[in-house]
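Structural overview for review
Each chain, letter by letter, is given below.
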Amino acid sequence: MKSPRSRSQLSRRRMLATAAGAASALALPGGPVLGQTRTVYVNTWGGSWTAAEDTAYFKPFTQATGIQVRTVAPVSFAKLKAQVQTGQYEWDASGLGIVEYSQAVHENLLEPVDFSIIDRNAVPAANIKSHGVSSVTLSTCLVYRKDKFPNGGPQSWADFWDVKKFPGKRCLYDRSFTTLAFALLADGVPADKLYPLDLDRAFKKLDEIKPHIKVWWSQGAQSQQLIQDGEVDMIAMWNARAQELIDRGEPLEIAWNGAEIYTSFRFVPRGNPRAKLAWEYLKFISEPKQEAAFCSILPYGPNNPKSFDHIAPDVAAKLPTRPDRVKVAHQPDAEWLAPRLAGIRERFAQWLAT
Amino acid sequence: MAGVVAAPAGQAGLAAAPARGLPADSTPWLLLAPATLALVILFLLPIGYVLLLSVTDPAVSIAHYRRIFSVPLYTRVLFNTFTTALTVTGVCLLLGYPVAYVMARRSDWVSTALLICVAVCFWTGFIVRTYAWLVILGNKGPVVAVYQAFGFGAPPRLLFTTFSSILGMVHILLPYMVLALYSVMKKIDPNLLRASASLGARPAASFRAVYLPLTLPGVVNGSILVFTICLGFFITPILLGTPKDMMISQLINQQIEELLAWGFASAVAVVLLVATSIVLAVYNRFAGLDRLWG
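Here the structure is a predicted model, which is why all the values come from computation and not from measurement. (Residues numbered from 1 in each chain as written. Chains lettered and ligands numbered in written order. Predicted model: local features only at pLDDT ≥ 70, side-chain atom pairs only at ≥ 80, totals over all residues.)

1. Side note on the overall build of chain B
Counting secondary structure elements, chain B contains 14 helices and zero strands. Sequence-ordered secondary structure for chain B, helices as α and strands as β, is α-α-α-α-α-α-α-α-α-α-α-α-α-α. Taking all 294 residues of chain B together, 29% fall into the buried category. Restricting to contacts in chain B with at least 6 residues of sequence separation, those with at least 24 account for 71%. (Helix = DSSP H or I, 4+ residues; strand = E, 2+ residues; numbered from the N terminus. Buried ≥ 20, exposed ≤ 12 C-beta atoms within 10 Å, placed from the backbone. Contact = placed C-beta atoms within 7 Å.)

Structural data, given as structure tokens:
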């Protein structure tokens, strides 16, 4: 009986000693600094996205302000709602596409912009909304394989719909409003008259192309695999995913005409106790220099025109928000979509499944 | 099973229980309490919450259920989910039974090799295995290459069909079936087969009358396991199948992740749960779920 007891006392004593040591270490000169460390938790996608953020945002921010950045992956829209509902915050700042952002505002999940920190005059008016500041932009555009179309491929959604002039296997994006807008463009609706969407007209036009769509994609990696392996000859895909393949030497061409510009907005979940820190962080990364640094690593479009001053021309040539590309692109009307998306999504899913 | 374990322990505690002023026979219940508590906290409460959400979010009504049964999309996808799960279970059983049989009956390197193959398959992530099929059946894959090498001309369309979707799911779920069957088959006494042979039964008759009935617990166990896991699949059909192969979990996921419609998603989940329970109840009526425990 005796030996195990004394052993357990020993370990208890050792544990106490360790704890005391740790406590005194905290009280030593390093202690007060540790106590003051401020940390902001940023929600991120992981992978190359987080690596780019680390170089363009996190490190310079910590250097400039002393505020540490910790990351939590991946980005989840549902997690935002769960956090606000439970009052337990895993992260303080995140970003979502403009349509999801508007849904979140509609559901009252976001903190209003703190204008004591965010400077209205520092960024273009379009880059600030009531509950968020714009992040970078991703385009969904028409991409085709050059080896399948040596004499020039489809240059518009009307061409994509023209199966006689451009025979080949096709692939579209399983995101309702994006694909519906492309159908309307193919049907001759001008880009500035797309919204509010004429759903009946769009679905009628989609009926035409449905038998020629070999597959519908929903995951970014899936879209890359499909066009890279030649499973399909033309596809509606994200410019950054296509650019990654082009940089690797795949014979792809991006047709920027008719692209859907999809801007992200960064925000703070409603009720977050570290909101001030989060807005400090968001203010810092919205500056042209930081935006330019990020967009020089990954081919997403900066939203502040001044950012292009810091971007090399060969990099700018890959970006979806270069002024000449914005002119031939369109944007979803997120405020119109947000309250209607559930119905549109349902109709789209039913149309797909039949 | 917990009751069996609890009984002797309860008797052992009899002496102490009255001293604390508790009735003697409450001790087994006390011993069962941790397990019951875990079940309630981990299963009953969440399911209850889902049930509650489905009729209260965003407002108290049964509108979600009305929508599920009035919009054709949901009943159609639900029906497809069950037929797909049944097909996958059937194919897994047909393919898994012979494999498990060989694994259990042989005790040499063949058995070990098969077991390693099944285990490696089991431990490889299902996303990886799904993408592997995209390559194998794809344009630049071996199937098409072999087809063209023999000069058969244009290969049939393999990818993005119901066939490839079922194939992918069978590949992912087959190890569950094989291991469930194997664990039961391994316990069957080989002397029983020798006995039936000595009584004049031909191998086929001896298999039918002796071996097959003894493996039924494994068949039931494996089938239910594969069937219920398959009901929750959606990534594999998205990547390998057509939009017509959509599974109900995909719609639940869309409602939660894209639309934040938790109330409606809960209602769909409840309908799936009820439908699954009905299927299992019918199955129980004819096959008997108690066979699960041998």
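Structure's up, so let's keep going.
2. Concerning the overall build of chain A
Assigned secondary structure in chain A consists of 16 helices and nine strands. The 354 residues of chain A split such that 40% are buried. A sequence separation of at least 24 residues applies to 71% of the contacts in chain A between residues at least 6 apart.

3. Remarks on the interface of chain A and chain B
When the parts of a complex come together, some accessible area is lost, and that lost area is often used as the size of the interface. Contacts between the two partners involve 22 residues from chain A, matched on the other side by 24 residues from chain B. Broken down by element, the residue count for the side of chain A that touches chain B peaks at eight residues, all from helix H16 (residues 341-353) of chain A. Looking at side-chain class alone, the side of chain A that touches chain B contains nine nonpolar, six polar and seven charged residues. (Nonpolar A, V, L, I, M, F, W, Y, C, P; charged D, E, K, R; others polar.)

4. Regarding the packing of helix H7 (residues 176-186) of chain A against helix H8 (residues 199-209) of chain A
All names here are of chain A. Running from amino to carboxyl end, H7 crosses H8 at an angle of 80°, the nearest separation of the two axes being 8 Å. Classified by the interaxial angle, the pair formed by H7 and H8 is roughly perpendicular. Packed against H7, whose contacting residues are Leu-180, Ala-183, Leu-184 and Ala-186, the element H8 presents Leu-199, Arg-201, Ala-202, Lys-205 and Leu-206 at the interface. Within the contact of H7 with H8, the residues separate by chemical class into seven nonpolar, no polar and two charged. (Axes fitted to C-alpha atoms, helices over the stretch in contact; angles between N-to-C directions. Parallel < 35°, antiparallel > 145°, perpendicular 65-115°, else oblique.)

5. What about helix H5 (residues 72-105) of chain B?
An ideal rise of 1.5 Å per residue puts 50 Å on 34 residues; H5 of chain B measures up with 49 Å between its terminal C-alpha atoms. The largest bend in H5 of chain B comes to about 30°, at Gly-96 of chain B, with the proline Pro-98 of chain B one to four residues further on. (Expected span 1.5 Å × (residues − 1). Bend = angle between axes of the 7 residues up to and from the residue.)

6. Details of the confidence of the model for chain A
All names here are of chain A. Averaged over every residue, the pLDDT of chain A is 90; the share at 70 or more is 90%. In the predicted structure, residues 1-10 sits below a pLDDT of 50 and forms zero contacts with residues beyond four places in sequence or in another chain. The model gives residues 18-35 a pLDDT under 50, and that stretch makes two contacts with residues more than four places away or in other chains. (pLDDT = per-residue confidence, 0-100.)

7. Concerning the pairing of strand E9 (residues 252-267) of chain A
In terms of strand pairing, strand E3 (residues 94-97) of chain A meets E9 of chain A through four bridges, oriented antiparallel. Note on E9 of chain A: the bridge partner recorded for Gly-95 of chain A is Arg-266 of chain A. (Pairing = 2+ DSSP bridges.)

8. A few points about the domain arrangement of chain A
All names here are of chain A. Examined at the domain level, chain A breaks down into domain 1 (37-137 + 264-316) and domain 2 (138-261 + 335-353). A straight line from the C-alpha centre of domain 1 to that of domain 2 covers 28 Å. Residue-level contacts link nine residues of domain 1 with 12 residues of domain 2. The dominant element in the side of domain 1 that touches domain 2, judged by the number of residues it contributes, is helix H5 (residues 98-106), at four residues. Counted by class, the side of domain 1 that touches domain 2 contains four nonpolar, five polar and no charged residues. (Domains from an automatic or database assignment.)

9. Focus on the confidence of the model for chain B
Residues and elements named next belong to chain B. Averaged over chain B, the pLDDT score is 87; the fraction of residues at 70 or greater is 89%. Scored below 50 in pLDDT, residues 1-19 makes 17 contacts in the model with residues more than four places away or belonging to other chains. Interface scoring of the predicted complex returns ipTM 0.82; its pTM is 0.85.

10. Structural notes on the environment of Ala-349 of chain A
Structurally, the position occupied by Ala-349 of chain A is in helix H16. C-alpha separation for the pair Ala-349 of chain A and Pro-251 of chain A, spaced 98 residues apart in sequence, amounts to 32 Å. In contact with Ala-349 of chain A, not counting residues within four places along its chain, are Leu-73 and Leu-251 of chain B.

11. Thoughts on the nonpolar core
Val-143 of chain A together with Leu-173 and Val-268 of chain B are the most contacted members of the largest nonpolar core, which totals 143 residues. Here this core takes 15 residues from helix H9 (residues 162-185) of chain B, the largest share from any one element. When we break this core down by domain, the ones giving at least three residues each are domain 1 (37-137 + 264-316) and domain 2 (138-261 + 335-353) of chain A. Beyond its immediate sequence surroundings of up to four residues, Val-268 of chain B is in contact with Ile-68, Tyr-74, Ile-248, Leu-251, Ile-252 and Gln-255 of chain B. (Core = buried A, V, L, I, M, F, W, Y, C linked by C-beta atoms within 7 Å.)

12. Details of the packing of helix H4 (residues 63-70) of chain B against helix H14 (residues 262-286) of chain B
Residue and element names in this part refer to chain B. Two elements in contact, H4 and H14, have axes whose closest approach is 9 Å; the angle formed by their N-to-C orientations is 60°. Two packed elements cross with a definite hand, and for H4 against H14 that hand is right-handed. Between H4 and H14, the contacting residues are His-64, Tyr-65 and Ile-68 on the first element and Gly-263, Phe-264, Ala-267, Val-268 and Val-271 on the second. Its residues assigned to classes, the contact of H4 with H14 comprises six nonpolar, two polar and no charged. (Left-handed = near helix turned anticlockwise from the far one by under 90°.)

13. Topic: unusual backbone geometry
A negative phi angle characterises most non-glycine residues, just as the trans form characterises most peptide bonds. Look at the link from Ala-73 of chain A to Pro-74 of chain A: it is a cis peptide, with omega at -5°. Cis geometry marks the peptide bond from Asp-57 of chain B to Pro-58 of chain B; its omega dihedral reads 0°. You will see that Phe-160 of chain B, though not glycine, has its phi angle at about 55°, which is positive. With respect to the element layout, Phe-160 of chain B can be found in the loop between helix H8 (142-149) and H9. Positive phi, close to 55°, is recorded for Leu-260 of chain B, a residue that is not glycine.

14. As for the pairing of strand E8 (residues 234-238) of chain A
A regular strand places its side chains on the two faces of the sheet in alternate fashion. Residue and element names in this part refer to chain A. Among the five residues of E8, five are classified as buried, and the element is accordingly described as predominantly covered. One ladder, built from two bridges, connects strand E6 (residues 170-173) with E8; its direction is parallel. By the bridge assignment for E8, Cys-171 is matched with Ile-235.

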